[in-house]
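The chain contents come next:
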Amino acid sequence: MSALRNGSAPLRAVDDDSDVEEEALVADYKEQVQYEDGMEELEQVNSLTMAQQTDDIQSRLVAAAQPLDFSAPLEVKFQSYDSYCNLFHFILNSDGPVDLEPPSHYWAWDVIDEFIYQFNSFSSYRLRLARQARDNEEERQILRDNPNTWGCYSVLNVLYSLIQRSQITEQLAAMKRNEDPAAVAGEYGSKTLYRMLGYFSIIGLLRVHCLLGDFSLALKTLDDIELNKKAMFARVMAAHFTTYYYVGFSYMMMHRYADAIRMFSHILVYVSRTKNFQKNAQYDSITKKNDQMYALIAICVAFHPTRLDDTIHTALREKYGDQLLKLQRGGPDSLPIFEELFKAACPKFISPVPPDFDNPEANVDPIDHHLSIFMDEVKTNMWSPTVKSYLRLYTTMDLKKLAGFLEVQPEELRAWLLVNKQRTKQLRWTDQGLLDGEWVNVSDLDYAMQGDLIHISEAKVGRKLVDWYLRNLSRTYN
Amino acid sequence: MDSEDPQERPDDISTIINGLERYNPEAVVGLEDYLRHQCENRYTDCNANRTLLKLYQLNPDRIKDEVITNILVKALTCFPSPQFTLALHLIPPSILAPNSRAELPEAIAKLRELNNQLQGAQYARFWATLDSDDLYADLTTDIEGFEDLIRLRIATLVSHAYREVDLSVLEQWLDLEGAAAQKFITETAGWKLDEGASVVKVPRNPENEAKKSEVREDVNVDMFSRVVRRAWEEIA
């Protein structure tokens, strides 16, 4: 069983968010965990024979997927960069495709993940040093002399080269058309090693673009990947998880809150359903990201109140109950909570160029930069909860009277009403590329003004009972 | 709404945006020319302009201050879409810090204030701010028809929310008075003034109807197919 099980047509057409879909995913994951158990034994055997053969390149492959100690000295970080460069150079620029089998089905993900993680933490570390002018002059000098180590261009270059070499874009396009990807794979792309590295490099790009603050390009990168359980990334839990986090986050930054909530919900439901047979260390690292996504959901729900999945709603109230209440109330009191949650849950943004070591104060932390821009949007919308809570009480209302209730000038209230009206229209993903979508009314509350008279209409949403009924029914079966 | 990819975009720009050329520092020349064309011809290609900002982000030595501000002013005309915000995210934070580059941080801060006012639908305040400092005139001078473009956006958004609007309110929002206001309302927007000429009537459209609706769940047999099959399988 390989991580890249392409071509296997789905047995039944399923709705992306349906129960069936989830169950299939869960079953899939169970299988994967069991498979990994088997792998460990296999690896032990492997490492024995490997030691005998002193197979250098195989051990380099394994080493590339190993996490680097967080507190590793600068020298080790430089060495690690060099060994990645050598490894990728070997893979990409040898005479023809190299004849190697990846050590495991999740190896390619681990390598790309670790490569980007090290790039990310190196950039953050370099900026931190540049901001503290006092100590570590030695390390600062080394960093100043080597501006290209872990440079943004070389990281992007690796990812794009792996994508091109493997013809993965062409392969995915062929799969979308229900054609055989092997026909367009070429001599590199037909090998598992290249195909997997190429595939996960696409996810890697999503992440790098997001870290650099280019949210629309991040989503554009996934044009060729279909987000569903057939997707290759769904076979590797960490990849699955990471993809949804970055896609959801990018949507949030593009003010597409309904789509962001959909992404976060999907993966959080999946995690909650698989946690019972999660037992390895992988799960610990997921727990942190899991909490971050709940924080992001809280932010998105504050912008776009909606009904959440029961599991998520309960967990959200447990983890961030107090904060959510304040966010949903809006107004200036909510601002510190938005900041707190955003800072706790955002990716560790980086700057693509080396910092200015001679002017410590000129180096702004990219997190503060993105946060302050995001807060502009929060401030624009912070009166919407107030406006909505009043409008719900009436079918018609005089603007001046409402302004009197709210103790604001009529002109101010007109602005609030316009803002809220504009934000009820959101681009919502249908089934095209992630950037596309349809303009839909995402709120159950709508209104129109006739001079100073506000006409309000509320869409009555009947209770959705089928899903509830089916869930409980399947519970009694189990 | 604004489409991401305008039809005016020439092929060579598409090639840059969609391929690896987008990382070639030399591509800034073509993208800068294209921006100039957008400024002169009243259309905006935010996607192409972000590609340019991205190149600046990666190659800070290429940065041209007036190109950055022109991109931001162009993005302003796309409110309430997040184009301005997305552009701002790509501008290196170090050049936003005061004192680093004499005028750029101040210019960006000023444009950001304008954007917040437009996003916040404080149109009267927006025009007042625009009038308050000569710097704004400098910043918008390259953008052909900047004020007209903003007025059109405001008018569109008003038509989404209003069936009737007081002329006096609308005049403030559009920063137009008397004959100029009447001309804009009747000719550009195609709206009508009532007999007393104090209320503007906006034609009905799907947005300003605020229809009552009821969302009900559609239930069909297929939704239960699994349960039924399962029940059948357990017996079997």
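Rules used in this analysis
Residues numbered from 1 in each chain as written. Chains lettered and ligands numbered in written order. Predicted model: local features only at pLDDT ≥ 70, side-chain atom pairs only at ≥ 80, totals over all residues. Heavy atoms only, no water. Phe/Tyr/Trp six-rings, centres within 6.5 Å; stacked < 30°, edge-to-face > 60°. Buried < 20%, exposed > 50% of the residue type's maximum accessible area, 1.4 Å probe, protein only. Lys NZ or Arg CZ within 6 Å of the ring centre and 35° of its normal. Contact = heavy atoms within 4.5 Å. Buried area = accessible area lost by both parts, 1.4 Å probe. Salt bridge = Lys/Arg side-chain N within 4 Å of Asp/Glu carboxyl O. Polar contact = N/O pair within 3.5 Å; in protein donor to acceptor, adjacent residues only side chain to side chain. Helix = DSSP H or I, 4+ residues; strand = E, 2+ residues; numbered from the N terminus. Nonpolar A, V, L, I, M, F, W, Y, C, P; charged D, E, K, R; others polar. Pairing = 2+ DSSP bridges. Domains from an automatic or database assignment. 1 Å grid on protein atoms, 1.4 Å probe; cavity = no way out; pocket = protein on both sides within 12 Å on 5 of 7 lines; lining within 4 Å. Points joined across faces, edges and corners; volume = space filled by probe spheres on them. Axes fitted to C-alpha atoms, helices over the stretch in contact; angles between N-to-C directions. Left-handed = near helix turned anticlockwise from the far one by under 90°.

**Student:** Even after reading the chapter, I still don't get the packing of aromatic side chains, so can you show me in this structure?
**Tutor:** In this description, a pair of aromatic rings is defined by centroid distance and the angle of the planes. Counting across every chain of the model gives 30 aromatic pairs over all chains. Note on Phe126(B) and Trp127(B): the rings are 5.0 Å apart at their centroids and 75° apart in plane angle, and the pair reads as edge-to-face. Its relative accessible area of 3% is what places Trp127(B) among the buried residues. Taken together through their ring pairs, the aromatic side chains of Phe215(A), Tyr245(A), Tyr246(A), Phe249(A), Tyr257(A), Phe303(A), Phe338(A), Phe342(A), Phe349(A) and Phe374(A) make up a single cluster. The ring of Tyr188(A) is capped by Arg165(A), whose NZ or CZ atom sits 4.4 Å from the centre of that ring. Its guanidinium or amino end placed over the ring of Tyr245(A), Lys289(A) lies 4.3 Å from that ring's centre, counting from NZ or CZ.

**Student:** Hey, could you run me through the interface of chain A and chain B in this one?
**Tutor:** By a frequent convention, interface size equals the accessible area lost on bringing the separate parts together. The partner chain B presents 61 residues to the 67 residues of chain A that form the contact. Here chain A meets chain B over a buried area of about 5600 Å², counting both sides, of which 58% is carbon and sulfur. Between chain A and chain B we count 4 salt bridges in total. Viewed at the interface, chain B and chain A are joined by 22 residue pairs in polar contact (both at pLDDT 80 or more). The leading source of residues in the side of chain A that touches chain B is helix H19 (residues 410-423) of chain A, at 9 residues. Grouping the amino acids of the side of chain A that touches chain B by side-chain chemistry returns 32 nonpolar, 17 polar and 18 charged. Sheet topology places strand S4 (residues 445-450) of chain A next to strand S1 (residues 162-166) of chain B; 2 bridges connect them, and they run parallel. Its bridge partner lying in S1(B), Met449(A) is registered against Tyr162(B).

**Student:** Teacher, can you tell me more about the domain arrangement of chain B here?
**Tutor:** All names here are of chain B. You can read the domains of chain B as domain 1 (11-161) and domain 2 (162-236). Between the C-alpha centres of domain 1 and domain 2 the distance comes to 30 Å. With 11 residues of domain 1 in contact, the opposing surface of domain 2 contributes 16 residues. Carbon and sulfur atoms supply 68% of the area buried between domain 1 and domain 2, which totals about 1200 Å² over both sides. It is Arg-151, Val-158 and Ser-159 in domain 1 that bury the most area against domain 2; as a group they hold 41% of the surface buried on that side. Run the count over domain 1 and domain 2 and you get 6 residue pairs in polar contact (both at pLDDT 80 or more). It is helix H9 (residues 146-161) that provides the largest number of residues to the side of domain 1 that touches domain 2, a total of 8 residues.

**Student:** How should I be thinking about empty space enclosed by the protein in this particular structure?
**Tutor:** Picture a little ball the size of a water molecule; that probe, rolled over the atoms, points out where space is still empty. According to the stated counting rule, one finds 7 cavities of 30 Å³ or more in the structure shown. By volume, the largest cavity is sized at about 100 Å³. In this structure, the largest cavity is lined by 12 residues; those nearest its centre are Ser216(A), Leu217(A), Arg22(B), Asn47(B) and Arg50(B). Taken together, the residues of the lining of the largest cavity break down into 3 nonpolar, 4 polar and 5 charged.

**Student:** Please clarify how the packing of helix H3 (residues 46-58) of chain B against helix H4 (residues 65-76) of chain B should be interpreted in this entry.
**Tutor:** Geometry of a packed helix pair, given as the angle between the helix axes and the separation of the axes. Residue and element names in this part refer to chain B. Running from N to C, H3 and H4 cross one another at 145°; their axes reach a closest spacing of 11 Å. The two elements H3 and H4 meet at a crossing, and its hand is left-handed. Residue-level contacts link Asn-49, Leu-52, Leu-53 and Tyr-56 of H3 to Val-67, Ile-68 and Ile-71 of H4. Class assignment for the residues of the contact of H3 with H4 results in 6 nonpolar, 1 polar and no charged.

**Student:** Any chance you could explain the sheet that holds strand S2 (residues 192-193) of chain B here in plain terms?
**Tutor:** The pairing of strands in a sheet happens through backbone hydrogen bonds and is either parallel or antiparallel. The strand order across the open sheet built from 6 strands is S1(A)-S5(A)-S4(A)-S1(B)-S3(B)-S2(B), with neighbouring strands paired in mixed fashion. Strands with a single pairing partner mark the edges of an open sheet, and in this sheet they are strand S1 (396-398) of chain A together with S2 of chain B. Note: S1(B) against strand S3 (residues 199-201) of chain B, 3 bridges, orientation antiparallel. When the sheet's bridge partners are listed, Asp166(B) is paired in S3(B) with Val199(B). Sitting on the sheet, helix H18 (residues 399-406) of chain A is in contact with S1 and strand S5 (453-458) of chain A, with an inclination near 75° to S1(A). Together, S1, S2 and S3 of chain B form the strand contacts of helix H10 (residues 167-174) of chain B, whose direction differs from that of S1(B) by roughly 90°.

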